Amino acid sequence: SLGAHARALFLFFFTLSTLSPLLRTLTQTISNDTVAAMAIAFLSANLLCHDYRWVNGRSSAFQGTVSLNASMFVSVLLASRASSSTEVALLMGAAVQVFALGPRVYRQVKLVSESAHVAVAIATVMSALAVTLHINQILGVAFILVILFITLVFPLTFMYIQRFKNKINGPWDEAVPTRRLVRDYPA
């Protein structure tokens, strides 16, 4: 019901605003380089362990708890470097939206309409590109190149080299059952 959702939302924001001063000072004794290295490592774990089958509607049970925990850990690490408690609360709220609620929304869109899913994916990439170009143009160009390579160059290259694939048979292959003709011999 609407009242239950409103209470849950109030509790979430109350807890977040109460914990923000603590989260802001959580990693004061850790160097910036260590925080950056841990953020890169755990965001990589997020990418590797994410349950892409569930998000794409090919699995009924969510198996991406390691991915979710890694992304929320990175969010806490980066939020602890913010300059005010308000910024910490905003960053953690955005992290919950992107990492915890976002995949559920993407899954529902994918299950409802494939074309809507493609439109949402394009809108997401374009939004990220606009923000990246606003921050740094060289980084924006690098983002464009990475997206082009992942979506076009690598798949086309893979399709091209498939024609040169050789099938080598050997004793390591699985046995293939064959039918033998049974003849009736006179006794």
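The structure reproduced in this document is the subject of the present report. (Residues numbered from 1 in each chain as written. Predicted model: local features only at pLDDT ≥ 70, side-chain atom pairs only at ≥ 80, totals over all residues. Heavy atoms only, no water.)

**Some details on the pattern of salt bridges**
Step number 1: Applying the stated criterion across every chain yields a total of one salt bridge.
Step number 2: Here Lys110 makes a salt bridge to Glu114, at a shortest N to O gap of 3.0 Å.
Step number 3: On the basis of relative accessible area, Lys110 is assigned to the buried category, the value being 15%. (Salt bridge = Lys/Arg side-chain N within 4 Å of Asp/Glu carboxyl O. Buried < 20%, exposed > 50% of the residue type's maximum accessible area, 1.4 Å probe, protein only.)

**Some thoughts on helix α6 (residues 114-135)**
Step number 1: Taking 1.5 Å of rise per residue, 22 residues should cover 32 Å, and α6 covers 32 Å from first to last C-alpha, within 8% of that figure.
Step number 2: His117, Leu129 and Thr132 are the residues of α6 that are buried. Projected onto a plane normal to the axis of α6, the buried residues spread over an arc of 105° and lie on a single side. Opposite its buried face, α6 presents the exposed residues Ser115, Met126 and His134, each directed more than 90 degrees away.
Step number 3: Looking at the packing, one finds that the buried side of α6 touches α5 (85-112) and α7 (137-161). (Helix = DSSP H or I, 4+ residues; strand = E, 2+ residues; numbered from the N terminus. Expected span 1.5 Å × (residues − 1). Arc of directions from axis to C-beta. Contact = heavy atoms within 4.5 Å.)

**A word on the layout of surface pockets**
Step number 1: Size it by volume and the largest pocket reaches roughly 1500 Å³.
Step number 2: If you trace the largest pocket, you find 33 residues lining it, with Asn46, Leu47, Tyr52, Val98 and Phe99 closest to the centre.
Step number 3: For the lining of the largest pocket, the elements supplying multiple residues, two or more each, are α2 (32-49), α3 (52-55), α4 (65-79), α5, α6 and α7.
Step number 4: Sort the elements by how many residues they give to the lining of the largest pocket and α5 lands first, with seven residues.
Step number 5: Each residue belonging to the lining of the largest pocket can be placed in one class, and the counts come to 23 nonpolar, ten polar and no charged.
Step number 6: Empty space within the second largest pocket amounts to approximately 260 Å³.
Step number 7: Lining the second largest pocket are 13 residues, with Leu9, Phe12, Phe13, Gln97 and Leu101 sitting closest to its centre.
Step number 8: Among the secondary structure elements, those contributing two or more residues to the lining of the second largest pocket are α1 (2-24) and α5.
Step number 9: A total of seven residues in the lining of the second largest pocket trace back to one element, the largest contributor, which is α5.
Step number 10: Across the lining of the second largest pocket, the residue classes tally to ten nonpolar, three polar and no charged. (1 Å grid on protein atoms, 1.4 Å probe; cavity = no way out; pocket = protein on both sides within 12 Å on 5 of 7 lines; lining within 4 Å. Points joined across faces, edges and corners; volume = space filled by probe spheres on them. Nonpolar A, V, L, I, M, F, W, Y, C, P; charged D, E, K, R; others polar.)

**Considering α7**
Step number 1: For α7, with 25 residues, the first-to-last C-alpha span of 34 Å sits near the 36 Å given by 1.5 Å per residue.
Step number 2: At Phe149, α7 shows its largest bend, some 45°.
Step number 3: Backbone nitrogen of Ile138 and a side-chain oxygen of the N-cap are separated by 3.0 Å at the start of α7; the cap is Asn136. (Bend = angle between axes of the 7 residues up to and from the residue. Polar contact = N/O pair within 3.5 Å; in protein donor to acceptor, adjacent residues only side chain to side chain.)

**Comments concerning the environment of Ser115**
Step number 1: Inspection of the secondary structure puts Ser115 in helix α6.
Step number 2: A polar atom in the side chain of Ser115 sits 3.1 Å from the side chain of Ser113.

**Points about the side chain of Ser71**
Step number 1: Tracing the backbone through its elements, the reader meets Ser71 in helix α4.
Step number 2: Apart from residues lying up to four places away in sequence, Ser71 is in contact with Asn46 and Phe99.

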